[in-house]
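Understanding the architecture of this molecule
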Amino acid sequence: MRKRHLITLISVLGLSAIWYLFLLSPALQRRDAIAFQINEAEKQLADFYRIVTEFPSNFNSQKEMAHRKELLLSQLFSKDHIMRLFDSIEKIAEQHDVRLVEISPSVEELLRLNREMPKKGQPQILELSLNLKGTLENVGRFIGEIERGNFYKGVSLCGIMNPQAGHKESDIQYRFKAVLGAIEDS
């Protein structure tokens, strides 16, 4: 009888091992794989849901940033402002019979203007250098009118080279700071 119990026990254990190896173990592995796939799908769904819910705010913030960039770029100095300033200075020189040999902002000044962001409510300042030829009286009137102009900010340098004997005109170098955008269209 003991043999029979032992054979039955060994048979039951063998069948249990075969059942576990061939039926239960693969089913458990499939179940774990499906659980992993479900978990990954839930993560993707949560990520998709987050993207869908955040899309309108991201889209609006991108539009707002583009609008702000456009606004900031519009506040930068423009070639138009500089050209109007140059034209105004040329007209004043013609009125006072002063020859404007050269008018120039330095490259460093233009690069500085391009690099610096203007502060809200504060104008941009450009340093200009004028090389003039004319009588001291005419140049004096010219400089006086420049200094009364709404674009004038302050003098940086004024150098006078007196003429050689027999010449009435002096060579003058005049450097001053000008406010960009102060000249209105006329």
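A few points on the structure. Keep in mind that what you see is a predicted model, and the values were worked out from it rather than measured.

Along the protein, the regular secondary structure elements total four helices and four strands. The N-to-C order of helical and strand elements in the protein reads α-α-β-α-β-α-β-β. Within the protein, buried positions represent 23% of all 186 residues. Once local pairs closer than 6 in sequence are excluded, the contacts in the protein between residues at least 24 apart make up 72%.

Below, the discussion takes up the sheet that holds strand β1 (residues 99-105). Here we have four strands laid out as an open sheet, ordered β1-β2-β4-β3, and antiparallel in their pairing. With one partner strand each, in any of the chains shown, β1 and β3 (152-161) form the two edges of the open sheet. Each neighbouring strand pair of the sheet contributes to a mean axis angle of 20°, computed without reference to strand direction. Here β3 runs beside strand β4 (residues 170-179); their pairing, made up of eight bridges, is antiparallel. Residue G154 lies in a different strand from β4, and its bridge partner there is K177. Sitting on the sheet, helix α4 (residues 136-148) is in contact with β2 (125-134), β3 and β4, with an inclination near 0° to β4.

What follows is about the side chain of N138. Looking at the secondary structure, you find N138 in helix α4. Judged by relative accessible area, which is 14%, N138 ranks as buried. Contact partners of N138, with chain neighbours within four places excluded, come to H96, D97 and V98.

A word on the pattern of salt bridges. The final tally for this structure, using the stated rule, is eight salt bridges. Salt bridges sharing partners connect three or more residues here, namely D47, R50 and E54.

The rules behind these values
Residues numbered from 1 in each chain as written. Predicted model: local features only at pLDDT ≥ 70, side-chain atom pairs only at ≥ 80, totals over all residues. Heavy atoms only, no water. Helix = DSSP H or I, 4+ residues; strand = E, 2+ residues; numbered from the N terminus. Buried < 20%, exposed > 50% of the residue type's maximum accessible area, 1.4 Å probe, protein only. Contact = heavy atoms within 4.5 Å. Pairing = 2+ DSSP bridges. Axes fitted to C-alpha atoms, helices over the stretch in contact; angles between N-to-C directions. Salt bridge = Lys/Arg side-chain N within 4 Å of Asp/Glu carboxyl O.

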